[in-house]
Amino acid sequence: MNENWSTTHDLALMFVSCAYRGDGVLDDVERQAVRTMLLLRFPDLERADADRIVDHVFLIYLSDSGAAMLSAAVHTLGTELSKTERTEIVKDLSGIASSDGLVFPAEADFIARVARQWQVSGPPSDT
């Protein structure tokens, strides 16, 4: 596997950020949801490689550069992907947010901000 940063890393960083921001924990259910979404998006990706990417981006997310890297990932994917792909990723983010049975306000806010920035429909709002 190429350890250079890729679109897969950008997307994984977004997924991990969404899962973690609700309660400050990336539990096994959320980690599995992130991995599953990556494997669905990138069918040639091996499961072990997906796990390594999730671990790698999680450490980056927790680092001092995490916020800047996340912002760059959202921007990069927003410019590289089609509107249909962006819409599907927003749906994926909603699935990840709800994977542990709860959607926290911080998760919903993140998804709504991404949807606005990408000019796509976001998840239904509870407010």
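Everything in this summary refers to the structure shown in the same document. (Residues numbered from 1 in each chain as written. Predicted model: local features only at pLDDT ≥ 70, side-chain atom pairs only at ≥ 80, totals over all residues. Heavy atoms only, no water.)

Under the defined criterion, the tally for this structure stands at two aromatic pairs. Look at Tyr20 and Phe58: their rings are 5.3 Å apart centre to centre, the planes differ by 65 degrees, and that puts the pair in the edge-to-face class. On the criterion of sequence distance, the pair formed by Tyr20 in helix α1 (residues 7-21) and Phe58 in helix α3 (residues 47-62) is long-range, its members being 38 residues apart. With a relative accessible area of 21%, Tyr20 lands in the partly exposed category. (Phe/Tyr/Trp six-rings, centres within 6.5 Å; stacked < 30°, edge-to-face > 60°. Helix = DSSP H or I, 4+ residues; strand = E, 2+ residues; numbered from the N terminus. Buried < 20%, exposed > 50% of the residue type's maximum accessible area, 1.4 Å probe, protein only.)

By size, the foremost hydrophobic cluster in this structure holds 36 residues, and its most contacted members are Met14, Phe15, Val34, Leu38, Leu93, Val114 and Trp118. Elements with a minimum of two residues in this core: α1, α2 (28-41), α3, α4 (66-80), α5 (83-98) and α6 (105-118). When residues in this core are grouped by element, the largest group, eight residues, is from α1. Among residues more than four places away in sequence, those in contact with Met14 are Leu70, Val74, Leu77, Leu93, Phe110, Val114 and Trp118. (Core = buried A, V, L, I, M, F, W, Y, C linked by side-chain atoms within 4.5 Å. Contact = heavy atoms within 4.5 Å.)

A side chain with one charge can pair with a side chain of the opposite charge if their charged atoms come near. Taken as a whole and assessed by the stated rule, the structure comprises five salt bridges. Among the ionic pairs, Arg35 bridges to Asp51, the shortest N-O distance being 3.1 Å. Note that Arg35 is positioned in helix α2 and Asp51 in helix α3, a separation of 16 residues in sequence. With its nearest N and O atoms 2.8 Å apart, the salt bridge here joins Asp92 to Arg41. Of this pair, Asp92 sits in helix α5 while Arg41 sits in helix α2; the two residues are 51 residues apart in sequence, bridging distant segments of the chain. In this structure Asp92 comes out as buried when scored by relative accessible area, which is 10%. By relative accessible area, Arg41 is classed as partly exposed at 31%. (Salt bridge = Lys/Arg side-chain N within 4 Å of Asp/Glu carboxyl O.)

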